[in-house]
Amino acid sequence: MAQQKIISRPSLGAFMNKYGIVVIFIGLCVILSIVSPAFLSIRNITNVIRQVSIIGIVSMGVTFCIITTGIDLSSGSMIALISVVVASMSQNAVSDSQPISIVMPILFAILISLALGAILGTINGSLTAFGKIPPFIATLGMMTAAKGAAALYTQGRPVGNLKDAFTFIGTGSFIGIPIPIWIYIVMAVLSHILLSKTKFGRHVFAIGGNEQAARICGINVEKTLVKVYAYAGFLTAVSAIMLTARTSAGNPTYGLAYELDAIASTVIGGTSLSGGIGSIPFCVIGALIIGVLNNGMDLLGVNAYWQQIVKGFIIVIAVLIDARKQKRK
Amino acid sequence: MIKRMAMVLVVLSMLIIPMAVFANGQQDDGVITIGAAMSSFADKGQTYLQDGVRAFDAEYDDVEVLMTDAKDDPAVQLNQVETLLTKGVDAILIVPVDISALKPVFAKCKEDGVKLVIANRMPAEEFHDDFDVYTGSESIQAGLLQAEWVAEAMQPEGGKVGILMGPLGHEAAMMRTEGNKQIFDKYDNIEIVMDAEGKWDRAKGMQIAENWIQSGAGLNAIVCNNDEMAIGTLLAAEGANLADEDIIIAGIDATPDALEFLGEGLDVTVFQNMNAQGYNGAAACYKLVKGEMVEKWDWIPFELVTTENMDEYK
Amino acid sequence: MSNENVLEMRNVHKSFPGVKALKGVDLTIKKGSVHALMGENGAGKSTLMKILYGIFHPEEGEVIFKGQPYSVKSPIDAINRGISMIPQEISPCPNLTVASNVFLGKEITANGVKLLNQKQMVKETQALFDDLGIDIDPSVMMSEISIANAQLVAIATAVSYNADLVIMDEPTSALTEKEIDKLYDIIRDLRDKKKIAVVYISHKLDEIFTICDEVSVLRDGEYIGSDSIENFDKDRLISMMVGRTMDEFFHKEEAVIGDVLLEVKDMSLSRKFKNVSFQLKQGEVLGVAGLMGAGRTEVMEALFGYRPADSGEIFIKGEKVEIKEPIDAIKHGIAFVTEDRKLTGIFPELSIKDNMIMPDIENYLKGGLLDSKKIKENCQTQREAIAIKTPTLEQLIKNLSGGNQQKVLISRWLLTTPEILILDEPTRGIDVGAKSEIHRLIGELAKMGKSIIMISSEMPEILSMSDRIMVMHEGKCSGEISRKDATQEKILALATGEQL
């Protein structure tokens, strides 16, 4: 056979294709540190990462779902439900005004809440994998039901008076770095290893890239999907616990539209909505971009109406970049 | 397939029939039925209003209240009002989701000759002839009351203020902010330097407040459209190691949670007597149906809550 | 330009990032002729045609069509100018009727109103089909007709634009012998009656010699030459395409054939195949012949557990085994290289390495995590063994040519160290060079004692590679022929349901 031309010369275009979002992130930081001197302080940087951690952790679960060509719309409502559940188990004393209030060691409260997240995720996954319901619909159902369950659980009221040991998760720090950041780092490392270094992760990519080929390769597609949604539910529970601890209350109104922010971070991080492509480090960058943007606009006192418009633009531009990449193939 | 469909139908009816029986219990004569079309069961402030309605219901044996939850969706609320009218209620008590979307409600009630009482959120002036009673407080009053206290507390130095608003376009958020601005505009030494949308949410309010504190803008006061955002703000201030006297934080609603924090970072809140609005609203319906005279405007005043008088509200 | 040429392309250049796809290509097509465009995969045939069809734009060169300079920006432009194309992989809308598919983009609407005139479209489609001698009901759904018929609909659609030049890219890849004859009739009709010129791209030499009048050959983006078909024989044509002479097909050596390894008894799947039984011996290549839709692929999918059979028994080394899903088959040492690389083969967004390890990831785990060193070593060994052309194993598989993708997929399954290897159309749509390499590989595997089942629709491939040939017809085994008795005629007779 004749000599074949091999394309491997690294070009600026190829670099931008892969790392464009990192360049945008760095550019954004540079601009903000010029216009707002407060931006680059260590304090503000920890501040941003801590704020990002909650959506950031949810978006890692969403990344798993989107890689399998799925989606998770239920994370916001699940945060509301899990936040009231964990709060009702972490109070200083049993409250009379709430329908359900149990005092127990916070470790149990946390484990039960994490399990609840994983179970709700398993329901999402089972509906999708075995029920053959499109994930958009299955998680939409969960979103609606969980919202209702959260309101029902507390009769619409917030649950406060939480133990200090519990709120420490959201407000404390360890060697100078806030606990939520530690949790974010641990979850990111865990998710990254899971996605890129394990059999499960490869199966996730395989299913998203070509489900039929995955079946031929002996992959149990249904079981893998259930695991994906269960893991997403678990991460959502982690977020919910952090949010509850940080605000010293559980509230059925929490998590409103968080799923959309999480999807936005995921997409800005380059995860393709057509499946098979995505990574955790880029998902973190995506979340940081949204976080830095929010922070920067607050620092600068940008008008509330404009903030939304700017955020909308960023999301659309990120997807446009992705669409152009797809087209070039 | 048919079997599965039948299964679904059976399950659905098992779910729905008990509720229907429960909801449709009362049709006897002599009992006054009030349709209470509530805006949202999930909105905490509203739950106190709903408690007021329930309290009235419990007090009178000849009253039956049918309460609906519009989930903050004006279209859902309209459907629910129609359903209540079809059930033959004697009066409607409504907390409008959207004050500008009430026209069909006015028309339906007039058509059926049903008394209409509006609570908590006031319709525009052009509609003031279309309902029987309004019970509530003027949102702007809360903003005025709150800002007056903050402005006085800031004297003699004055300083910079940030306003954390509720959802953009929401009546209470707009009017409370408007009230704040009217007061602060009167003071030459007070400047509003920041405003942002905290969406009534503690976490969101906390995030914005953190960013403001980091920005080095040197805010002397953060005035919040509700207590949840104010609590978020004070948690942010605590996180940044600001002392209570470094910054004035003000909320509105006087929720039980906020009262816990009053004096511990939160400086002032405003009590809107939601319970009274609900109770009075139901009472107005009752009286109207019985043909008794009722004042058209039932104003329930806001009350300023500070560390000095907080025990009255616990 | 002379009047008899409908198209002249001169010195056409086109580059893509990192590669020059066309380096000064010429092409002259005579009016009312069938012109074969030949070349290995990657020679530039498709790029050249996509320029004509307005998908790509040349950087340099001149195109003259019907005596006018020709430059189009989109397929619609091209169609309006009189060039239409039937792509290699047709993609009809399955949820619309045949007539709607034919009229897609040029729907007939009722007077003045933007409502579809379905009746008129069906009527006109019927007229078009009658004219071309196609027997398909225009009012049925596209999803209800066979792939072969869909191909015919695509051809009719292309003709319906009143084109002067029709480009057919591998039009027979999904057609059976009978349907190919039908296609030839249509092409001859177009050429003789309507004076339409046809550019015919195909890898199958027999077709070229049957239907084409002239041949142009490209190699590596360069124009090699053209001539009238009479001046060619197969050897000359192949040597022009590959730049060297070679045997058209590799012939499998006789290998030692051992005991029965696999036995399938009375396997049935409703509406697909019935009571299929066969044996496979160690070191044997069992060819499976038959027409499209005879159930060959379905039998293998059932054997592999991808679409399990309703009934039947499978024995491996004399022991009965249960295969309910692919993982069971893999555990029993069966491997399956599927027919459609895109649909059931590659993971386009994953690297060559990841594509290779997917079925037996378990073997690469170290403490629960993937052992990248072991993956690299195994894949590298495999890559060298069957000469996959790529700069690195990290390359995404979608960037490889069809032949190299196929080699990766074969590697994937060889890494599972199977005893039974099922190859479904292993050389479909790949170029002559890679094809012969794959044939050689099959021979070597058989020599090593692997048992191979090879489905193929190419007669020469079946004849030269198989130790034994099983022929299927309408879901049943219609006969078996040994290597020494096999002829093209016998296979065809069995495949069409006749008795020997």
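Residues numbered from 1 in each chain as written. Chains lettered and ligands numbered in written order. Predicted model: local features only at pLDDT ≥ 70, side-chain atom pairs only at ≥ 80, totals over all residues. Heavy atoms only, no water.

Chain C appears in an unreviewed UniProt entry as Ribose/galactose/methyl galactoside import ATP-binding protein from Candidatus Thalassospirochaeta sargassi. Chain C has a UniProt comment under Catalytic activity (unreviewed entry) that states "D-galactose(out) + ATP + H2O = D-galactose(in) + ADP + phosphate + H(+)". Looking at the Sequence similarities (unreviewed entry) heading of the UniProt record, one finds this comment for chain C: "Belongs to the ABC transporter superfamily." (UniProt positions renumbered as here; feature names shortened; annotations may be inferred.)

The name an unreviewed UniProt entry gives chain A is ABC transporter permease, with Candidatus Thalassospirochaeta sargassi as the organism.

## What about the overall build of chain C?
In terms of regular secondary structure, chain C is built from 17 helices and 22 strands. Since a compact globule built from 500 residues should have a radius of gyration of about 23 Å, the 24 Å found for chain C is in line with a globular shape. Counting only C-alpha atoms, chain C reaches 70 × 50 × 50 Å along its principal axes. In the structure as shown, chain C presents an accessible area of about 21,600 Å², 48% of it carried by carbon and sulfur atoms. Of the charged side chains in chain C, 61 are positive and 75 negative, and the gap between their average positions amounts to 3 Å. (Helix = DSSP H or I, 4+ residues; strand = E, 2+ residues; numbered from the N terminus. Rg over C-alpha atoms; globule rule 2.2 N^0.38 Å. Areas by Shrake-Rupley, 256 points an atom, 1.4 Å probe, with all protein chains shown as cover. Lys, Arg positive; Asp, Glu negative; His and termini not counted. Charge placed at Lys NZ, Arg CZ, Asp CG, Glu CD.)

## Here we look at the sheet that holds strand β3 (residues 34–38) of chain C
All names here are of chain C. The strand order β6-β7-β8-β3-β9-β10 describes an open sheet built from six strands, whose pairing is mixed. Each of the sheet's edge strands pairs with one partner strand only, and the pair in question is β6 (83–86) and β10 (222–228). Averaged over neighbouring strand pairs, the angle between their axes works out to 20 degrees when direction is ignored. As paired elements, β3 and strand β8 (residues 197–201) share four bridges and run parallel to each other. Each residue of the ladder has a partner; that of Leu37, found in β8, is Ile201. (Pairing = 2+ DSSP bridges. Axes fitted to C-alpha atoms, helices over the stretch in contact; angles between N-to-C directions.)

## As for the pairing of strand β7 (residues 190–197) of chain B
Strand residues, when the strand is regular, have side chains that alternate between the two faces of the sheet. Residues and elements named next belong to chain B. As paired elements, strand β6 (residues 159–165) and β7 share seven bridges and run parallel to each other. The partner of Lys160 across the bridge, within β7, is Glu191. For the segment spanning β6, helix α6 (residues 171–186) and β7, crossover handedness is right-handed. (Right-handed = clockwise from strand over helix to strand, strands pointing away.)

## Let's talk about the UniProt feature "transmembrane region" (unreviewed entry) in chain A
All names here are of chain A. In the numbering used here, UniProt assigns the "transmembrane region" (unreviewed entry) feature to residues 19–40, 52–71, 106–127, 133–153, 165–195, 228–245, 266–293 and 305–323. Span residues 133–153 is 90% helix and 0% strand, its end C-alpha atoms 27 Å apart. With 77% helix and 13% strand, residues 165–195 has its two end C-alpha atoms placed 32 Å apart.

## Details of the packing of helix α10 (residues 221–247) of chain A against helix α7 (residues 202–214) of chain B
Running from N to C, α10(A) and α7(B) cross one another at 65 degrees; their axes reach a closest spacing of 10 Å. On the basis of their axis angle, the class for α10(A) and α7(B) is roughly perpendicular. The handedness of the crossing between α10(A) and α7(B) comes out as left-handed. Contacts between α10(A) and α7(B) involve Leu243(A), Arg246(A) and Thr247(A) on the former and, on the latter, Arg202(B), Ala203(B), Met206(B) and Glu210(B). The residue inventory of the contact of α10(A) with α7(B), partitioned by class, reads three nonpolar, one polar and three charged. (Parallel < 35°, antiparallel > 145°, perpendicular 65-115°, else oblique. Left-handed = near helix turned anticlockwise from the far one by under 90°. Contact = heavy atoms within 4.5 Å. Nonpolar A, V, L, I, M, F, W, Y, C, P; charged D, E, K, R; others polar.)

## Here's the deal with helix α4 (residues 118–132) of chain C
Given 3.6 residues per helical turn, the α-helix brings residues three or four places apart onto the same face. Residue and element names in this part refer to chain C. Its 15 residues place the ends of α4 21 Å apart at the C-alpha level, agreeing with the 21 Å of an ideal helix rising 1.5 Å per residue. Every buried residue of α4 is listed here: Met121, Thr125, Leu128, Phe129 and Leu132. Viewed end-on, α4 has its buried residues packed into an arc of 95 degrees, placing them on one side of the element. Set apart from the buried face of α4 by more than 90 degrees, the exposed residues are Lys119, Lys123 and Asp130. One or two residues past the end of α4 sits Gly133, with phi positive at roughly 75 degrees. (Expected span 1.5 Å × (residues − 1). Buried < 20%, exposed > 50% of the residue type's maximum accessible area, 1.4 Å probe, protein only. Arc of directions from axis to C-beta.)

## Considering the nonpolar core
Counting residues in hydrophobic clusters, the biggest one holds 168 residues, and the most contacted among them are Leu262(C), Phe278(C), Met300(C) and Leu303(C). Considering every element that reaches this core, the biggest residue donor is α10(A), with 15 residues. Once residues within four sequence positions are removed from consideration, Phe278(C) is found in contact with Leu262(C), Glu263(C), Val264(C), Leu286(C), Val299(C), Met300(C), Leu303(C), Ile453(C), Met470(C) and Glu480(C). (Core = buried A, V, L, I, M, F, W, Y, C linked by side-chain atoms within 4.5 Å.)

## Details of the UniProt feature "domain: ABC transporter" (unreviewed entry) in chain C
Per the UniProt record, "domain: ABC transporter" (unreviewed entry) is found at residues 7–245 and 255–499 of chain C. Measuring from the first to the last C-alpha atom of residues 255–499 of chain C gives 30 Å, for a span that is 34% helix and 27% strand.

## A few points about helix α10 (residues 274–290) of chain B
Residue and element names in this part refer to chain B. For α10, with 17 residues, the first-to-last C-alpha span of 24 Å sits near the 24 Å given by 1.5 Å per residue. Among the residues making up α10, those that are buried are Met274, Ala276, Gln277, Gly278, Gly281, Ala282, Ala283, Ala284, Cys285, Tyr286 and Leu288. Structurally, α10 contributes buried residues whose contacts are with β1 (32–38), α2 (44–59), β2 (63–69), β3 (91–94), β4 (115–119) and β5 (133–136). A positive phi of about 85 degrees marks Gly291, the residue just after α10.

## Overview of the interface of chain B and chain A
Note: interface size is frequently given as the accessible area lost on complex formation between the parts. Facing the 31 residues of chain B at the interface are 31 residues of chain A. Interface area for chain B against chain A, summed over the two sides, is near 2,500 Å², with a carbon-plus-sulfur share of 48%. Note that Arg50(A) is salt-bridged to Glu210(B), the shortest N-O span being 2.9 Å. At the surface where chain B touches chain A, the tally comes to twelve residue pairs in polar contact (both at pLDDT 80 or more). At the level of secondary structure, the elements contributing two or more residues to the side of chain B that touches chain A comprise α2, β7, α7 and α8 (227–239) of chain B. For the side of chain B that touches chain A, the element with the highest residue contribution is α7(B), accounting for nine residues. When grouped by side-chain class, the residues that make up the side of chain B that touches chain A number 13 nonpolar, eight polar and ten charged. (Buried area = accessible area lost by both parts, 1.4 Å probe. Salt bridge = Lys/Arg side-chain N within 4 Å of Asp/Glu carboxyl O. Polar contact = N/O pair within 3.5 Å; in protein donor to acceptor, adjacent residues only side chain to side chain.)

## Quick notes on the sheet that holds strand β12 (residues 273–281) of chain C
All names here are of chain C. Ordered in space as β12-β11-β14-β15, the four strands form an open sheet in which the pairing is antiparallel. What marks the edges here is a single partner per strand, and that holds for β12 and β15 (319–321). Between one strand and the next, the sheet's axes are offset by a mean angle of 20 degrees, whatever the strand orientation. Strand direction decides the pairing type here: strand β11 (residues 260–269) and β12, joined by six bridges, are antiparallel. Residue Val264 lies in a different strand from β12, and its bridge partner there is Phe278. Helix α9 (residues 296–304) contacts β11, β12 and β14 (311–316) of the sheet and is inclined by roughly 70 degrees relative to β12.

## Observations concerning the domain arrangement of chain C
Residue and element names in this part refer to chain C. Assigned domains within chain C: domain 1 (5–242) and domain 2 (260–495). The straight-line distance from the C-alpha centre of domain 1 to that of domain 2 is 32 Å. Counting from both sides, the interface comprises ten residues of domain 1 and, opposite them, ten residues of domain 2. Taking both sides of the interface into account, the surface hidden between domain 1 and domain 2 amounts to around 990 Å²; carbon and sulfur atoms contribute 61%. In this structure, the connection of domain 1 to domain 2 is made through zero salt bridges. (Domains from an automatic or database assignment.)

## Observations concerning unusual backbone geometry
Outside of glycine, negative phi angles account for most residues, and trans bonds account for most peptide bonds. For the bond from Gln155(B) to Pro156(B), the omega torsion is 5 degrees, close enough to zero to count as cis. Locating Pro156(B) in the fold gives a position in the loop between α5 (139–154) and β6. The phi torsion at Asn161(A) lies on the positive side, around 55 degrees, for a residue other than glycine. Its identity is not glycine, yet Asp266(C) carries a phi of approximately 50 degrees, on the positive side.

## Some thoughts on the arrangement of the chains
Sorting the two pairs of chains in contact by contact count puts chains A and C at the top. The two partners chain B and chain C share no contact, and the minimum distance between any of their C-alpha atoms is 21 Å.

## Focus: the packing of helix α7 (residues 179–197) of chain A against α10(A)
All names here are of chain A. Two elements in contact, α7 and α10, have axes whose closest approach is 11 Å; the angle formed by their N-to-C orientations is 175 degrees. The angle between the axes of α7 and α10 places the two elements in the roughly antiparallel class. Together, Pro180, Ile183, Met187, Leu190, Ser191 and Leu194 of α7 and Tyr231, Phe234, Leu235, Val238 and Met242 of α10 make up the contact between the two elements. Split into classes, the residues belonging to the contact of α7 with α10 amount to ten nonpolar, one polar and no charged.

## Considering the pattern of salt bridges
This model, assessed by the stated rule, comprises 37 salt bridges over all chains. Linked through salt bridges whose partners overlap, the residues forming this network are Lys132(A), Glu211(A), Arg215(A) and Glu222(A).

## Quick look at the packing of aromatic side chains
All names here are of chain B. All chains considered together, the criterion is met by 19 aromatic pairs over all chains. Here Phe56 and Tyr286 contribute two aromatic rings whose centre-to-centre distance is 5.7 Å and whose plane-to-plane angle is 70 degrees, an arrangement assigned as edge-to-face. With a gap of 230 residues between them, Phe56 in helix α2 and Tyr286 in helix α10 connect regions that are remote in the sequence. Of the two residues, Phe56 and Tyr286, neither departs from the other in class, the shared state being buried. Seen from their ring centres, Phe131 and Trp297 are 5.9 Å apart, and the 90 degrees between their planes marks the pair as edge-to-face. Of this pair, Phe131 sits in the loop between β4 and β5 while Trp297 sits in strand β11 (residues 297–299), and the two are 166 residues apart along the sequence. Taken together through their ring pairs, the aromatic side chains of Phe106, Phe127, Phe131, Tyr134, Trp297 and Trp299 make up a single cluster. (Phe/Tyr/Trp six-rings, centres within 6.5 Å; stacked < 30°, edge-to-face > 60°.)

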